[in-house]
Amino acid sequence: MKIGIIGGGLSGISLAYFLQKNDRIDRIDILEKENEPGGLCRSFKLNGLFHDIGPHIIFSRDRDVLDLMINLLGDNQSKIKRSNKIYYKNKFIKYPFENDLFALPEDDRDYCLNTFLHNPHKNLNADNLLQFFLKTFGDGITNIYLRPYNEKIWKYDLTLMDTLMADRIPQPPREDVIKGAAGASIEGYAHQLYFYYPQNGGINSLVKAFVNQLNDKVNLRVNHRVKSLQMIDNKWKMETNSGFEGVYDLVVSTMPVQSLMEVYQSDIPRKIRISADRLKYNSIIITLINVKKDNIGGNLAVMIPDKAIIFHRVSKLNLLGSSYGTKDDSTNLMTEITYAKDSQIDKMNKREIEERIIEGLKVTGFIDNQEDINFMDTKKFEFAYVIYDLGYKKNMSLIRNYFDSQGIQLCGRFGEFEYLNMDAVIRHARDLSEKIEYSLKRAQ
């Protein structure tokens, strides 16, 4: 049995890790288009500083997957307490927002608390994400924080978004919101209160830890962009831009489904192509900024709902560990900006983007002036966030069923086109490996 995996991100690497233990499998080829594996879990080094594609953290309610990640990292991991804040009207509000209403200006505090306790939307049948926010949190918390922040991230009308994201957002206990509004210190989202992170090398250290566990039957081929996939004589034939040709009994794709359709040499039905064209996603811009002063303090990540500021989150990387800071007293910040294809942000050049970032850093007080910046570096990535619009379930169901009928397995955030965190990516890879193993047993 020979298996070809398209894409060497976390999903492709972890899938090979699980599959390699099966004696019925002779060879596994991972074909990765970049010059190193990792996908969205790559890390970059600039002036001795590692940084990720947005700050990744290692946590999970799935104890088996969490233990696997921690054990793979071994001594190269630290346990860190979450210290996230929301920047609102020159104040730092503790995350989650609803548990720190006391920190708000008095009028806003009363508005949020009263509309939470006396919520006319609580019996609403929530058919979209905005209705879910109103039903769960009331007008105040929704209008002051949840609506502007989520519209800023998703760049999409919340009334046109499905409630599939809702299971990530716990129902806030009434007593906690009341206590938080009175000034008590309340910790929300307990499963995220502490997280793990590599001591060195950024989040890509986790991918490398998986790679180091791959045995001789796994071939990881970087700089191999798949340009053709077709079925010939009941075998899958793949060709890459590097001249490599592979023949496989089974193919798993972790590349974006839109990209898969471009390389799949088959008469794909028109309705499937239309469904793929209707899938929505956002791209991301990350910028590393080394500054002379520390104006953020002990806040690891700060969310910015103000739409006049271009970035939606700024993170202080020094708080991830000593190896993420320089030997001097400078501070390493990372900003994140989401954008849609062909949008105004997409059309900005690097200079324009960085000017807007500097402007936002000055407005928030995270820097005093432009002269505080020692250096900065900006990178763009096309596929970052899956958007669950109201047509998502129908469109993705058609696409999944089609590729399943073709015998092509889908895996990973953009392979399955599902908003999966790292732990869910690994769990899905493990589940798929078990599905493949079961089918091999039946075929024997």
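All figures in this text were calculated on a predicted structure; none of them were measured in a lab.

Colleague: How would you summarise the state of the cysteines if you had to cite specific residues and measurements?
Modeller: Under the definition given, this model contains zero disulfides. As a non-bridged cysteine, C41 has C411 as the owner of its nearest cysteine sulfur, 13 Å distant.

Colleague: A description of the pairing of strand β10 (residues 226–232) should follow, citing residues and the corresponding values.
Modeller: It is a general feature of regular strands that their side chains alternate between the two faces of the sheet. By the bridge criterion, six bridges tie β10 to strand β11 (residues 235–240) in an arrangement that is antiparallel. The residue of β11 that forms the bridge with L229 is M238. Linking β10 to β11, which pair antiparallel, is a turn of two residues; within it D233 sits at a positive phi near 55°.

Colleague: Requested: an account of the packing of helix α1 (residues 10–19) against helix α11 (residues 422–443), with residues and values cited.
Modeller: Two elements in contact, α1 and α11, have axes whose closest approach is 8 Å; the angle formed by their N-to-C orientations is 40°. Considering the angle they form, α1 stands oblique to α11. As for how α1 packs across α11, the hand of that crossing is right-handed. Each of L10, S11, S14, L15, F18 and L19 in α1 lies in contact with α11, whose residues at this interface are M422, V425, I426, A429, R430, L432, S433, I436 and E437.

Colleague: Explain the sheet that holds strand β9 (residues 218–221) residue by residue, including any values.
Modeller: If you trace the five strands from one edge of the open sheet to the other, you get β9-β2-β1-β13-β19, paired in parallel fashion. Unpaired on one side and paired on the other, β9 and β19 (408–410) mark the two borders of the sheet. Adjacent strand axes in the sheet meet at a mean angle of 20° when their direction is disregarded. Examined bridge by bridge, strand β1 (residues 2–6) and strand β13 (residues 250–253) share four bridges and lie parallel to one another. In the sheet register, I5 faces β13, and the bridge partner there is V252.

Colleague: Explain the pattern of salt bridges residue by residue, including any values.
Modeller: Counting across every chain of the model gives 21 salt bridges. D377 is the partner of K350 in a salt bridge, and the nearest nitrogen-oxygen pair spans 4.0 Å. One end of the pair, K350, is in helix α9 (residues 350–364); the other, D377, is in strand β18 (residues 373–387), with 27 residues separating them in the sequence. D377 sits in the buried class, given a relative accessible area of 19%. In this structure, a network of salt bridges that share partners links the residues R27, D29 and R221.

Colleague: Could you give an account of the environment of W236, naming the residues involved and the relevant values?
Modeller: With respect to the helices and strands, the residue W236 is situated in strand β11. It is 9.8 Å that separates the C-alpha atoms of W236 and G407, two residues lying 171 residues apart in sequence.

Colleague: Explain the pairing of strand β2 (residues 27–31) to me, and be specific about the residues and the numbers.
Modeller: For β2, the buried fraction is high: four of the five residues fall into the buried class. Pairing of β1 with β2, which is carried by five bridges, proceeds in the parallel orientation. Residue pairing across strands places I3 opposite I28, the latter belonging to β2. As a crossover connection, the stretch from β1 through α1 into β2 is right-handed. Of the strand pairs in this sheet, β2 and β9 are connected by four bridges, and their pairing is parallel. Pairing of D29 across the sheet is with N219, part of β9.

Definitions and cut-offs
Residues numbered from 1 in each chain as written. Predicted model: local features only at pLDDT ≥ 70, side-chain atom pairs only at ≥ 80, totals over all residues. Heavy atoms only, no water. Disulfide = S-S within 2.5 Å. Pairing = 2+ DSSP bridges. Helix = DSSP H or I, 4+ residues; strand = E, 2+ residues; numbered from the N terminus. Axes fitted to C-alpha atoms, helices over the stretch in contact; angles between N-to-C directions. Parallel < 35°, antiparallel > 145°, perpendicular 65-115°, else oblique. Left-handed = near helix turned anticlockwise from the far one by under 90°. Contact = heavy atoms within 4.5 Å. Salt bridge = Lys/Arg side-chain N within 4 Å of Asp/Glu carboxyl O. Buried < 20%, exposed > 50% of the residue type's maximum accessible area, 1.4 Å probe, protein only. Right-handed = clockwise from strand over helix to strand, strands pointing away.

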